[in-house]
Amino acid sequence: MAASGRKTTTNTMPAEESDQLVIRPLGAGQEVGRSCILLEYKGKKILLDCGIHPGMNGLDALPYFDSVQGEIQQLDLLLISHFHLDHCGALPWFLQKTSFKGRCFMTHATKAIYRWILSDYVKVSNIAADKMLYGEKDIEASMDKIETINFHQETEINGIKFWCYNAGHVLGAAMFMIEIAGVKILYTGDFSRQEDRHLMAAEMPNVQPDVLIIESTYGTHIHEPREEREARFTGLVQDIVNRGGRCLIPVFALGRAQELLLILDEYWSAHPELHDIPIYYASSLAKKCMSVYQTYINAMNDKIRKQISVSNPFVFKHISNLKSMDHFDDIGPSIVMASPGMMQSGLSRELFENWCTDKRNGVIIAGYCVEGTLAKHILSEPEEIITMTGQKLPLRCSVDYISFSAHTDYRQTSEFVRLLRPPHIVLVHGEQNEMSRLKAALIREYEDSTDYKIDIYSPRNGQIVELLFRGEKMAKVVGTLAAKHPEQGEKIAGVLVKRNFNYHIMAPYDLPSYTDLNTSTVTQRMSVSYTGSSSRLHYYLNQLSGDVELIPDRQALRVFKAVMVTLESRIAIMEWVANPVNDMYADAVLSVILKAESDSTSVKVQAPVKIDKSHFSECLIELLSDMFGSDCVNPLIRQDKLIMTVDDISAAIDLQSLDVQCEDDILQQMISTAVTKLHLAITPAKC
């Protein structure tokens, strides 16, 4: 299967026959946030993820759906990789407020958490109700439209095959492999190839994709080793509380929060001197989310699965849940892990505004920060910040960044590409500079390779990547046609059935066995007034076809071996099985019957006079010599049979019955027609 790069020519063939694969980011194109990738191939349309931009509000936060407004109702499939807002935050709006009629899939764990994550997002959003994208009822209604899929479970929808692998990023995160007409596309979503305290590393697919759509969040950055990162994190936390400060760790309610809770709980257990300093997990979803994590223990790594048989690792000894500020006694040093992670609103924003003016306090940013968010802004160490009410406050607290973000770094991405060896890579989910650095690094890595050529694309939002895949179309012979081993050059006749992107040739009567189709015949019957004799009708019909067959037991005539004509009390009844050829024969027979009826009062027909056999033979030899050449006709007649050879194909003509025997159907038909017409032409009729 060959593929070429971008194409700009207009394709006029039907979409289902086109060899062009179109990939168009509606979000996450040279940005992080509102992931939404549109795939189009062979008339099938798939949407990958449906997120919002964390740094924007209302309609501005949505992917660029307005550029494909007319195509939404044509979408076959929507696949959600995981529960983070930048990948699923626009889903209730999309399912409830657009013309989408396709099917939506995600993993079981993702669906379980999606419900609570979006409910929390609605509650903490700091915008007017009329500008909200959706409400609680929309979230509830969207649940009924979401279907679940197991890891490695292959599903087929309208000719689109897809299955998913564990992506490692968060609980339930999936990488989707999609196959359309033999072309395989792997969408990683957010993934991590490094196992952490509770999640296994992303799986390595056992199938090589033709196209890899991969995140580029960290570009060419290399993550520091996990042990060093954890030691630096716990050291920073202890430094802040030792100086009498409050430590704020803004996180999303689910994902990295559980990793950090495991680290802190273990560290506090090992340091009794810290037991008097409280740790709070400040999220309204804390209890619900923890129950989900405890439910899906089997989706985590071996360490957690072994530990659960002794004690539940998510029942923390040194961490308390904090639903709201009303339940918080802010007296002395403490550690509060609060959502949301970008501090756009909610508890984390409220605590930050309360604590940012005291230099004893500290904020630890533990994950990736999107441009346009407060978390990203304070990393640049501004002198002051603006509160949600518009007030300016000095920024005196310490701000540190330690990446616990479960995204791949360059080392992981490079290894993933090296093992998969996809011919085409499309970079998404990365800021423009990071994406450009990653693209350049991958090109440098393989530029001298002789056995692996790679094309890398980094489209911006709305920019189309077009790839051309030319594959051979192959039809399988099935049923009774496949019972006999075919000979070289043998022609096979049957019905060609296309189902999705598979072609089969079969006998018509095998259709019910191999398809959902059934065969049926339509018999047509027509009555025509006819007052003449049967002999007269026989004569006229014989002039038409020359092979009229008399059926004695039915007192009927069969014309062209297809149309039955029966005479009953001044009526001629025609019957035939409807098909284009037989319908044409029936029209001709009808014309002859009407002609015979109009002539019946003035013409008396007698039986045809027998012709001289030798005269007919001479005329036939002369006719066939003119048609095929004199060298093709053997003038010697034996046992009333004339033998001729055309292009090494023999034919035998019975001069008595006018039958022609020949292996080639086309030649047999040509000779038979010539013989019949000549016989009719030289047969006189006495009236």
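Preceding this paragraph is the structure being described.
Residues numbered from 1 in each chain as written. Predicted model: local features only at pLDDT ≥ 70, side-chain atom pairs only at ≥ 80, totals over all residues. Heavy atoms only, no water.

Engineer: Tell me what's going on with the sheet that holds strand β14 (residues 279-282), and back it up with residues and numbers.
Structural biologist: Strand order in this open sheet of 6 strands is β15-β14-β16-β13-β17-β20, and the pairing throughout is parallel. Here the strands that pair on one side only, and so sit at the sheet edges, are β15 (319-321) and β20 (398-401). Mean inter-strand twist for the sheet, computed between neighbouring axes without regard to direction, equals 20 degrees. Bridging between β14 and strand β16 (residues 334-338) involves 4 bridges; their strand directions are parallel. From the neighbouring strand, Ala-282 faces β16, where its bridge partner is Ala-338. Packed onto the sheet, helix α6 (residues 256-270) meets β13 (246-250), β14, β15 and β16 and runs at close to 160 degrees relative to β16. (Pairing = 2+ DSSP bridges. Helix = DSSP H or I, 4+ residues; strand = E, 2+ residues; numbered from the N terminus. Axes fitted to C-alpha atoms, helices over the stretch in contact; angles between N-to-C directions. Contact = heavy atoms within 4.5 Å.)

Engineer: Go over the pairing of strand β6 (residues 103-107), please, and point to the residues and values.
Structural biologist: Taking burial as the measure, the 5 residues of β6 include 4 buried ones, the bulk of the element. Alignment of strand β5 (residues 77-79) against β6, held across 3 bridges, turns out to be parallel. Each residue of the ladder has a partner; that of Leu-77, found in β6, is Arg-103. Across 4 bridges, the pairing between β6 and strand β7 (residues 146-149) is parallel. (Buried < 20%, exposed > 50% of the residue type's maximum accessible area, 1.4 Å probe, protein only.)

Engineer: Any details on the environment of Gly-159? Residues and values, ideally.
Structural biologist: Of note, Gly-159 is situated in the loop between β8 (155-157) and β9 (160-166). In this structure Gly-159 comes out as buried when scored by relative accessible area, which is 7%. When the C-alpha positions of Gly-159 and Met-200 are compared, they lie 32 Å apart, and in sequence the two are 41 residues distant. With residues near it in sequence (within four places) discarded, Gly-159 still touches Glu-179, Asn-500 and Phe-501.

Read these as spatial facts, not as claims about activity.
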